[in-house]
Amino acid sequence: MKKTIARISLGALALALSAGAANAQGQDLISNPRGMVANFDAVNLGPVLTELGIVWQERRLADGQSFIAASIGGALNFVITPTTCLSEDRKSNCVGAHFIALFGGGSANAQSVSAFNQKYGFTSAGIFSGGSSAFLSRYDIADYGIPRGNVASSINAFFSLSEKFRRAIDTKTVSADGYADDMSASILNLRSADAAGIELAQGKAPSLAELHQASFESGPALVRELLQSDNAPRNKISNLTQ
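Residues numbered from 1 in each chain as written. Predicted model: local features only at pLDDT ≥ 70, side-chain atom pairs only at ≥ 80, totals over all residues. Heavy atoms only, no water.

Trainee: What exactly am I supposed to notice about unusual backbone geometry here?
Mentor: Where the residue is not glycine, phi is negative for most of them; where a peptide bond is considered, it is trans in most cases. One non-glycine residue, Asn32, lies in the positive phi region at around 45°. Looking at where Asn32 falls in the secondary structure, it is placed in the loop between α1 (12-18) and β2 (36-37). Positive phi is not limited to glycine here, since Arg90 has a value of about 60°. Mapped onto the elements, Arg90 comes out in the loop between β5 (76-85) and β6 (94-104). (Helix = DSSP H or I, 4+ residues; strand = E, 2+ residues; numbered from the N terminus.)

What follows is the structure, given as structure tokens:
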């Protein structure tokens, strides 16, 4: 199969994401943001990546599994693997996609990865034995299609959190945030309910990226408040013994 390569505006998306280009007033990262992408097949997802300025190439694993190798301005390399493919040969009409950023060549601390994983519910962070490799992943679903703008926003958030993850695992010291309750007190001021504070500080309405970042940060604090509330339902932990 002929490989597809798209190369435009290598740094365009990286600059746009770091600047929070998609804002609350409707300035969008992509044209026709409410237009639908039918599924995550490369033929449908590719044009969105191209418009975002992402360099991408369709490749295959040794077992024939198709995936997209992508790069955002050289700042982040990641993989998109279409999955849950509904065609008869299970190779197309893929309504699920794994977004995965791999990090290697160093030593990642398991506690720092665990703290990051607890802090940001939008992604899942992992580490391999020995700490020589770590990864950040995100799973998206398009059972009934997905708006182009949602794909752009998801990649926007994934890029931002990947940069935070890189800094977290690059740090030589072990994260002080070992548990969710360790994190909650330090991030209460970053809750999405405090978006007005962002607006006042910057003299402008916060971007969607900034609002989402505040929501990401607020996860452990929200969990703590739910645990303290009698109105929040709970599930029982059953420790089974033989």
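Having seen the structure, we can now continue with the description.
Trainee: Just to check I follow, could you spell out the pattern of salt bridges for this structure?
Mentor: Oppositely charged side chains are able to pair whenever their charged atoms sit close together. Summed over all chains, the structure comprises three salt bridges. Here Arg148 makes a salt bridge to Glu51, at a shortest N to O gap of 2.5 Å. Taken together, the residues span a long stretch of sequence, with Arg148 in helix α4 (residues 148-170) and Glu51 in helix α2 (residues 42-51) at a distance of 97 residues. Taking relative accessible area as the criterion, Glu51 reaches 33% and is therefore assigned partly exposed. Across the pair Arg138 and Asp140 runs a salt bridge whose closest N-O atoms are separated by 2.9 Å. You'll find Arg138 and Asp140 in the same group, each marked buried. (Salt bridge = Lys/Arg side-chain N within 4 Å of Asp/Glu carboxyl O. Buried < 20%, exposed > 50% of the residue type's maximum accessible area, 1.4 Å probe, protein only.)

Trainee: Explain the state of the cysteines to me, please; I cannot follow it from the model alone.
Mentor: Evaluated as defined, the whole model comprises one disulfide. Note on cysteine connectivity: Cys85 is disulfide-linked to Cys94, with sulfurs 2.0 Å apart. Every disulfide takes its handedness from the sign of the S-S torsion; for Cys85 and Cys94 that torsion is 95°, giving right-handed. Both residues of the pair, Cys85 and Cys94, belong to the buried class. (Disulfide = S-S within 2.5 Å.)

Trainee: Explain the packing of aromatic side chains to me, please; I cannot follow it from the model alone.
Mentor: The geometry of two aromatic rings is summed up by the distance between their centres and the angle between their planes. Taken as a whole and judged by the stated rule, the model has six aromatic pairs. Aromatic pair Phe103 and Phe165: ring centres 5.4 Å apart, planes at 70°, arrangement edge-to-face. Of this pair, Phe103 sits in strand β6 while Phe165 is found in helix α4, placing the two residues 62 residues apart along the sequence. Like Phe165, Phe103 is buried. Ring geometry for Phe128 and Phe135: centres 5.8 Å apart, planes at 55°, overall tilted. Taken together through their ring pairs, the aromatic side chains of Phe103, Phe116, Tyr120 and Phe165 make up a single cluster. (Phe/Tyr/Trp six-rings, centres within 6.5 Å; stacked < 30°, edge-to-face > 60°.)

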